[in-house]
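Chain by chain, the residues:
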Amino acid sequence: MEKFVKVTSTAVPMPIEDIDTDQIIPARFLKATNREGFGENLFRDWRYEKGNEPKADFVLNDSTYSGEILVAGKNFGCGSSREHAAWALYDYGFRVVVSSFFADIFKGNALNNGLLPVQVSDAFLSDLLQAIKKNPALQVTVNLPEQVISFDDKAETFEVNAYKKECLLNGYDDIDFLVSIKEEIEAYEASSKVI
Amino acid sequence: MAKTLFDKVWDAHVVKSLEGGIDVLYIDRHLIHEVTSPQAFSEIEKRGLTLFRKDQMVATPDHNVPTKDQHLPIQEALSRHQVDTLINNCEKHNVTLYGLGHPFQGIVHVIGPELGITLPGRTMVCGDSHTSTHGAFGAIAFGIGTSQVAQVMASQCLLQSRPKTMRITIDGKLNKGVYAKDIILYVISKLTAAGGTGYFVEYAGSAIRSLSMEARMTICNMSIEMGARGGMIAPDETTFDYIHGREFAPKGEAWERALDYWSTLYSDEGATFDKEYNFPAEDIEPMITYGTNPGMGIKITSAIPDRLAEAGEESFNKSLKYMGFQAGESLLGKPIDYVFIGSCTNSRIEDLRIVANYVKGKRKASNVNAMIVPGSKQVEKQAKAEGLDKILEEAGFELREPGCSACLGMNEDKVPAGAYCVSTSNRNFEGRQGPGARTLLASPLVAAVTAIEGKIVDITKHLN
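From a predicted model like this one, the values you see are computed outputs, not experimental measurements.

A few points about the state of the cysteines
What makes a disulfide is a covalent bond joining the sulfur atoms belonging to two cysteines.
Okay, so step 1: Under the criterion given, the structure shown has 0 disulfides over all chains.
Okay, so step 2: The thiol of Cys 167 of chain A is not disulfide-bonded; the next cysteine sulfur, from Cys 157 of chain B, is found 16 Å away.
Okay, so step 3: On the basis of relative accessible area, Cys 167 of chain A is assigned to the buried category, the value being 4%.
Okay, so step 4: Judged by relative accessible area, which is 0%, Cys 157 of chain B ranks as buried.

Comments concerning helix α2 (residues 38-46) of chain B
Okay, so step 1: Every buried residue of α2 of chain B is accounted for by Pro 38, Gln 39, Ala 40, Phe 41, Glu 43 and Ile 44 of chain B.
Okay, so step 2: Summarising the contacts, the buried residues of α2 of chain B are in contact with α3 (84-92) and α7 (174-180) of chain A together with β3 (29-32), α3 (77-93) and α5 (146-155) of chain B.
Okay, so step 3: Immediately downstream of α2 of chain B, the backbone of Gly 48 of chain B shows phi near 70 degrees, a positive value.

Quick notes on the environment of Ala 327 of chain B
Residue and element names in this part refer to chain B.
Okay, so step 1: For Ala 327, the position within the fold is in the loop between α11 (313-323) and β15 (338-341).
Okay, so step 2: Exposure remark for Ala 327: the relative accessible area of 37% places this residue in the partly exposed category.
Okay, so step 3: For Ala 327, the contacting residues outside a window of four places in its chain are Ile 304, Pro 305, Asp 306, Phe 316 and Leu 320.

Examining the UniProt feature "binding site: [4Fe-4S] cluster" (unreviewed entry) in chain B
Residue and element names in this part refer to chain B.
Okay, so step 1: The sites that carry the UniProt feature "binding site: [4Fe-4S] cluster" (unreviewed entry) are, in the present numbering, Cys 344, Cys 404 and Cys 407. Over a stretch of 64 residues, the named residues converge on one spot in the fold, their C-alpha atoms separated by at most 8.8 Å.
Okay, so step 2: Among the residues examined, Cys 344 registers a relative accessible area of 7% and is labelled buried.
Okay, so step 3: Ignoring any residue separated from it by four or fewer positions in sequence, one finds Cys 344 in contact with Ile 107, His 109, Val 110, His 130, Asn 221 and Asn 426.
Okay, so step 4: Mapping Cys 407 onto the fold places it in the loop between β17 (398-399) and β18 (420-423).
Okay, so step 5: What makes Cys 407 buried here is its relative accessible area of 6%.

Some details on the packing of helix α12 (residues 349-359) of chain B against helix α13 (residues 377-385) of chain B
Any two packed helices are characterised by how steeply their axes cross, that is the angle between the axes, and by the distance between the axes.
Residues and elements named next belong to chain B.
Okay, so step 1: Put simply, α12 and α13 touch, their axes get as near as 9 Å, and they point 35 degrees apart. Along this stretch, α12 crosses α13, giving a crossing that reads as right-handed. On α13, the residues that touch Ile 349, Leu 352 and Arg 353 of α12 are Val 379, Gln 382 and Ala 383.
Okay, so step 2: For the contact of α12 with α13, the class distribution of residues is 4 nonpolar, 1 polar and 1 charged.

Regarding the side chain of Thr 123 of chain B
All names here are of chain B.
Okay, so step 1: By the element assignment, Thr 123 lies in strand β6 (residues 123-126).
Okay, so step 2: A polar contact of 2.7 Å, which involves the side chain of Thr 123, links it to the backbone oxygen of Tyr 26.
Okay, so step 3: If we skip the residues at most four places from it in the chain, Thr 123 touches His 13, Tyr 26, Ile 27, Asp 28, Arg 29 and Ile 140.

Considering the interface of chain A and chain B
Okay, so step 1: Of the residues lining the interface, 54 residues belong to chain A; the matching set on chain B comes to 74 residues.
Okay, so step 2: When chain A packs against chain B, the two sides together hide about 5,200 Å² of surface, and 59% of this comes from carbon and sulfur.
Okay, so step 3: Linking chain A with chain B are 7 salt bridges, by the criterion used here.
Okay, so step 4: Secondary-structure elements contributing two or more residues to the side of chain A that touches chain B are α1 (21-24), α2 (44-47), α3, α4 (104-111), α7 and α8 (182-191) of chain A.

Some details on the nonpolar core
Okay, so step 1: Membership of the largest hydrophobic core comes to 114 residues, with the highest contact counts inside it found for Phe 43 and Leu 89 of chain A.
Okay, so step 2: Leave out the neighbours within four places in its chain, and Phe 43 of chain A touches Met 14, Ile 19, Gln 23, Ile 24, Phe 58, Leu 60, Leu 70 and Leu 89 of chain A.

As for the sheet that holds strand β9 (residues 164-171) of chain B
All names here are of chain B.
Okay, so step 1: Spatial strand order, β11-β10-β9-β12: 4 strands in an open sheet with parallel pairing. On the outer flanks of this sheet lie β11 (230-232) and β12 (275-280), each paired with one strand and no other. In this sheet, adjacent strand axes meet at a mean angle of 20 degrees when their direction is disregarded.

Cut-offs applied
- Residues numbered from 1 in each chain as written.
- Chains lettered and ligands numbered in written order.
- Predicted model: local features only at pLDDT ≥ 70, side-chain atom pairs only at ≥ 80, totals over all residues.
- Heavy atoms only, no water.
- Disulfide = S-S within 2.5 Å.
- Buried < 20%, exposed > 50% of the residue type's maximum accessible area, 1.4 Å probe, protein only.
- Helix = DSSP H or I, 4+ residues; strand = E, 2+ residues; numbered from the N terminus.
- Contact = heavy atoms within 4.5 Å.
- UniProt positions renumbered as here; feature names shortened; annotations may be inferred.
- Axes fitted to C-alpha atoms, helices over the stretch in contact; angles between N-to-C directions.
- Left-handed = near helix turned anticlockwise from the far one by under 90°.
- Nonpolar A, V, L, I, M, F, W, Y, C, P; charged D, E, K, R; others polar.
- Polar contact = N/O pair within 3.5 Å; in protein donor to acceptor, adjacent residues only side chain to side chain.
- Buried area = accessible area lost by both parts, 1.4 Å probe.
- Salt bridge = Lys/Arg side-chain N within 4 Å of Asp/Glu carboxyl O.
- Core = buried A, V, L, I, M, F, W, Y, C linked by side-chain atoms within 4.5 Å.
- Pairing = 2+ DSSP bridges.

Quick look at the structure:
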């Protein structure tokens, strides 16, 4: 996993609520057996017409907006557990998703892939979306060590689990840790009374 | 101290607790399928690791298998490649695989319970959000991403923060024509598609107790649709009767020991939950969804609301526009093009019986294309043994072969753009059943009545 420390970038506004992982990457694109190339089909059906022409009114096709930060409505990433959603966002070039609420499985998948989910208050989200609309060149900074997201003169702290933060800052993942405690896992197995 | 069912099962699986509130949680059973496992196998191989407990894994292809002519090679190249990759990985790593043609093959969440792999008090995971289904047995079961699939392969453990607990109690007697699907669509419409996020849900109350195991699975299956990681129901005699004698269920003395342990799995009197909801069973009527998330459900006789308190105007309007509906209008009389009966939510034998019982001696409407996809080879076999295939055929339905099918349209079974489908599956997201497809979620009975009538009707008027 790539390390994540700090990102300063313009941002892409997507003020839609309950964006589910079927929208982020539709099921018919889940047939690959590797992790690469999913960015091409990110938000496929919102992004392209049936005949593959880009839909002009979709924000990813609007050259006004670009950047490594996606700013979306609440309950982002609900639905299917497909990690391909996190892979697609990352592969497209996003490093941060900002929302006022994230679905659990998506949040875990994102953190396992170096994509930082930043949960902010409704008010901050609304201010941020307005600020981007007003000035698409707006620079937004996400600082993981300090757990602060900021733009203009506004800033808000965000939560991130201490263990996950350590992993992101160092590019570690859970497998390294779990394999290192093999003996403790075996000891648990020997003592478990579960049928 | 009084403990909840969830706490009892979770605590029995904590290998160790880390700072920052993360537990190393032991996983008893790991189910895998063709879509979310290939990258996990690659990860294990890349790191030079081996499967830590291959005997606690079971694999089956379900997501993109065809539901016709399963004895022939899969036509679609990418699907074939993915299923072949699963076969190769299972052979290479010596994992039990119930492949196409095997009498145990089926949707992963249908075969786990029917084979006695799903047991009370176990922890179970799968790279699939509907793993919550197995909670019906009093197991902690939840969906995971592919990185986590690799973690379980490597260590049989996951790093998890403990979710909060929620209890949803439904007491009373269910109305006529109301099934488990209506109960869960009703609950999600009350709590919204995000209302359970961060929680593990226990379903309780006399209405839940009165349900069969298959009905309980339907309820737990859709826990994820309100954002909950999982749902569970305390095991009881209904649970034990269901498990007894199944392929991998404990036998003989082990069965007695199991019963002793399972009988301790309930929420103690006085146990506290982070959140509690109570709903009277009498308030629940046959349900249907009108929008593009499972929280957008109404009583089939009600009008679409003018707005939703929990949704912004832009999102609500986007949803209705996609569905081709107006705020405030009734769905009654709307013509329907497709009816899909299947998926890990409603593809078990009881579901097929409900449909067959209603359509017997009737004929489906000519404007409706009806698909019935059993959840497993065992369900298919049972349906044929009971003659349900003949009843369905005479009514103009076709009983196909098992798989996830039109629930997510990874195989050929898709709903065309713009077409309306009343579906017994679990998600009405945009494009879920095919690009542009419009899905209305409902119970098997509502689906059956819709297929016969060719439009949405007040089903209570069609029951004897």
